[in-house]
Amino acid sequence: MNGQAGMRKLPELGQPGWTCHAADKAMMDIRPAGKAVWKVEAWPWHVLAFLFYLGTALAVSWHGTNLRTRLLGEGSDPIAYTWFLAWWPYALQHHLNPFFTHLVWTPGGLNLGWTTSIPTLALVALPLTVTAGPVLAYDVLMLMAPVCAGMGAYGLCLYISRRPMAAIIGGWLFGFSSFAAAHLNQQLNLEWTALLPLLVWVGLRRINDHSGCLFTVLALSLLLVAQSGFSLEVFATLIVMAAFAWGLAWFTVRPMRPRLIVIAADITLAAPITFVLMVPMLFAMFGQPHDMHLPKLWPAFYVTTPLNFFIPTEATWLGGHFFLPVSSRYIGLVCEQGAYLGLPLLFILWRYLRQGGWFLPLLFGGILLASCGPELIWGGREMGIPLPWGLMMRLPLIGNALPARLMAYASLVAAIIVSLWLAETTRHWRWVVATLAVLFLWPAQSAVKVIPFQPLFQPGQIQKAIGHDKNVLILPFGIFSPSMFWQMESGFAFSQAGGYLGFPPKRVQTNSKIMRLFFGFIDPGVVEALAVYCQTTHVDDLIVMPGTDQRLVDGLRSLQWPVKFMDGASIYSVPSLP
């Protein structure tokens, strides 16, 4: 299992017989001496890396908050991920299909196979969720996401550069990149990128004949399945990026072709194993009813503005607010603007990539270009210049991926390049530049969300108010509503004709007034539309919580539905349709 006999006859990369350039060679030239970094004397470096990354995460995300009573983040996404963490043990305990739920968007329910239900993280955190609650489990996972991503990249950079300190810098630049800073305390599924460097590490070990076929096939299969449980979108784009890198290596590093054939064969063997292990999720996606439909505009809207490579957003501590008049004109939301590299890092990339060779420059440049989407956008305006990603948008499934999120791969390539550049020499000025690169990318302190505890939704209390297994609609409604947290807080004691676990189902999107209410807009006639929606979705009770827009409160009173008051809430009994 140490590789095919033909591979053993190949000389080491960089030895006589190889003609690849220095920059390309260093990326894949891992001599056996590199294994020495994992001996006992190297463990202090590993501990130092972990403490450095953990300290950064605590400084940026935690800043002393109570992890049992606060959620690390802002908006509705943290509540949605907390709901998912609570849903998985509840579904398993009650013998329910964890990939489909009738508790939200009743009566049709929601196919969770097409949502960011994070099954891998939910199962890993299940003991903590059951013993300490989903809030603490979410906070711990969010804190550890950049730490684990940094450690994964540290291991990869250490394997490549064989210099622990250079690897520590490279690991930090990936774990706390601008991509990570943009999603920090926002989107848990996108923050968990720790498996990306591990997959590259497995591939490089096989290419350099440090691992056998069995280890490579099993490791690739398990890591890919785990990644699909983090984010299906990243799983799909990972396959595209791997194919792109393999193709580039085939044409630009010709002496590697025999080794590329070997890794391609292993990937071919890993594919059916991955497919079999993903059958439950794939069945949920394609074998169960679903009507998820994302706006076609999204892949063209959430793209990288090239100016973002040079100018940060408010997600970056140094200069983020100073450049806000410029970055506020970037297309998309701040949480999808993670392309900032900073001048020191750009200097390092230029210094290293100019050494010669085509593989790394084309790989890095190709990812940056793909992240810009189907058409070049500058200053928030479409320039009318088509880009290669426009071809990908025409393909099924992968065409729904958001191009801006490809910056995760660019960040990993940049981290590898920095570690290689630092490992080339002991010149002190290089470490000064690398330190500046870290400083320029240091994330801004992220927000903390107060948990909306309500006495009405304490376990057992909501049953006293409305009875058991009722279908309700809760105001505030939609993306800004804590209704998912209240449902989880009650122990999933009721279903609701709404909720926020991503974009609403397609059947709801046809109701324009309800869709606008979902996004927080109060239009004329919305109360009448809401009343009809409650009746057609068989809502038993409409619960109006504090914080509901006063126009809705006044409009509901005019309906003259039976109402009772409990724990600060107004509970309207919805009359049945004639």
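Above this text you will find the structure in question.
The rules we used
Residues numbered from 1 in each chain as written. Predicted model: local features only at pLDDT ≥ 70, side-chain atom pairs only at ≥ 80, totals over all residues. Heavy atoms only, no water. Axes fitted to C-alpha atoms, helices over the stretch in contact; angles between N-to-C directions. Helix = DSSP H or I, 4+ residues; strand = E, 2+ residues; numbered from the N terminus. Parallel < 35°, antiparallel > 145°, perpendicular 65-115°, else oblique. Contact = heavy atoms within 4.5 Å. Nonpolar A, V, L, I, M, F, W, Y, C, P; charged D, E, K, R; others polar. 1 Å grid on protein atoms, 1.4 Å probe; cavity = no way out; pocket = protein on both sides within 12 Å on 5 of 7 lines; lining within 4 Å. Points joined across faces, edges and corners; volume = space filled by probe spheres on them. Buried < 20%, exposed > 50% of the residue type's maximum accessible area, 1.4 Å probe, protein only. Phe/Tyr/Trp six-rings, centres within 6.5 Å; stacked < 30°, edge-to-face > 60°. Lys NZ or Arg CZ within 6 Å of the ring centre and 35° of its normal. Left-handed = near helix turned anticlockwise from the far one by under 90°. Pairing = 2+ DSSP bridges. Arc of directions from axis to C-beta.

What to know about the packing of helix α18 (residues 343-353) against helix α22 (residues 428-441)
Geometrically, a packed helix pair is captured by the angle between its two axes and the distance between the axes. Two elements in contact, α18 and α22, have axes whose closest approach is 7 Å; the angle formed by their N-to-C orientations is 135 degrees. Relative to α22, the element α18 is oriented oblique. Only Trp 429, Val 433, Ala 434, Leu 436, Ala 437, Phe 440 and Leu 441 of α22 make contact with α18, whose side of the interface consists of Leu 343, Pro 344, Leu 345, Phe 347, Ile 348 and Arg 351. A breakdown of the residues in the contact of α18 with α22 according to their chemical character gives twelve nonpolar, no polar and one charged.

Side note on empty space enclosed by the protein
One pass over the structure, following the stated rule, counts five cavities of 30 Å³ or more. In this structure, the largest cavity encloses a volume near 60 Å³. Lining of the largest cavity is provided by 13 residues; of these, Ser 177, Ser 178, Tyr 340, Leu 341 and Ser 411 occupy positions nearest its centre. Elements supplying a minimum of two residues to the lining of the largest cavity: α9 (178-183) and α21 (407-423). Top contributing element to the lining of the largest cavity by residue count: α21, with three residues.

Some points on unusual backbone geometry
With an omega of 5 degrees, the peptide bond between Thr 106 and Pro 107 qualifies as cis. Mapping Pro 107 onto the fold places it in the loop between β2 (100-101) and β3 (110-111). Leu 475 connects to Pro 476 through a cis peptide bond whose omega is 5 degrees. Relative to the helices and strands, Pro 476 is located in the loop between β7 (471-475) and α24 (483-489). With phi around 60 degrees, Phe 492 is a residue other than glycine that occupies positive phi space. Looking at the secondary structure, you find Phe 492 in the loop between α24 and β8 (495-496). Taking relative accessible area as the criterion, Phe 492 reaches 7% and is therefore assigned buried.

Some thoughts on the packing of aromatic side chains
A complete count under the given rule lists 31 aromatic pairs for this structure. With 4.6 Å between their ring centres and 35 degrees between their planes, Tyr 90 and Phe 492 make a pair best called tilted. Remark: Phe 492 occurs in the loop between α24 and β8 and Tyr 90 occurs in helix α4 (residues 77-93); sequence separation between them is 402 residues. Aromatic pair Trp 105 and Phe 477: ring centres 6.1 Å apart, planes at 90 degrees, arrangement edge-to-face. With Trp 105 in the loop between β2 and β3 and Phe 477 in the loop between β7 and α24, the pair connects residues that are 372 residues apart, well separated along the chain. By the burial criterion, Trp 105 is buried, and Phe 477 matches it. In this structure an aromatic cluster arises from ring pairing among Trp 105, Trp 298, Phe 301, Tyr 302, Phe 477, Tyr 500, Phe 503, Phe 518 and Phe 519. Just above the ring of Trp 350 sits the side chain of Arg 354; from NZ or CZ to the centre is 4.8 Å. The lysine or arginine in question, Arg 516, covers the ring of Phe 521, its NZ or CZ lying 4.5 Å from the ring centre.

Here we look at the packing of helix α7 (residues 134-161) against α21
At a closest axis distance of 9 Å, the pairing of α7 and α21 adopts a crossing angle of 40 degrees. Taken together, the axis directions place α7 and α21 in an arrangement best described as oblique. α21 is crossed by α7, and the crossing has right-handed handedness. Contact residues: α7 offers Ala 153, Leu 156, Cys 157, Ile 160 and Ser 161, while α21 offers Leu 412, Ala 415, Ile 416, Ser 419, Leu 420 and Ala 423. The class makeup of the residues in the contact of α7 with α21 is nine nonpolar, two polar and no charged.

Notes on the layout of surface pockets
Approximately 410 Å³ is the volume attributed to the second largest pocket. Looking at the second largest pocket, it is lined by 18 residues, and the ones nearest its centre are Ala 86, Thr 129, Gly 133, Pro 134 and Met 488. Listed by contribution, the elements that provide at least two residues to the lining of the second largest pocket are α4, α6 (126-132), α7 and α24. Counting residues per element, the lining of the second largest pocket draws most heavily on α4, at four residues.

A closer look at the sheet that holds β8
The sheet built from five strands is open, its strands ordered β8-β7-β9-β11-β10 with mixed pairing. Both outer strands of the open sheet, β8 and β10 (563-566), are each paired with one neighbouring strand and no more. The sheet contact formed by β7 and strand β9 (residues 541-544) spans four bridges and is parallel. Bridge pairing in β9 links Leu 475 to Val 544. Sheet strands in contact with helix α27 (residues 526-536) are β7 and β9, and its direction is about 160 degrees off that of β7.

Thoughts on helix α15 (residues 279-286)
Inspection of α15 places Met 281, Leu 282, Ala 284 and Met 285 among the buried residues, and these make up the whole buried set. Taken end-on, α15 shows its buried residues confined to a sector of 160 degrees, consistent with a single buried face. Opposite the buried face of α15, at more than 90 degrees from it, the exposed residues are Phe 283 and Phe 286. Tucked into the core, α15 has its buried residues touching β3, α5 (119-124), α12 (213-230), α13 (232-252) and α14 (257-277).

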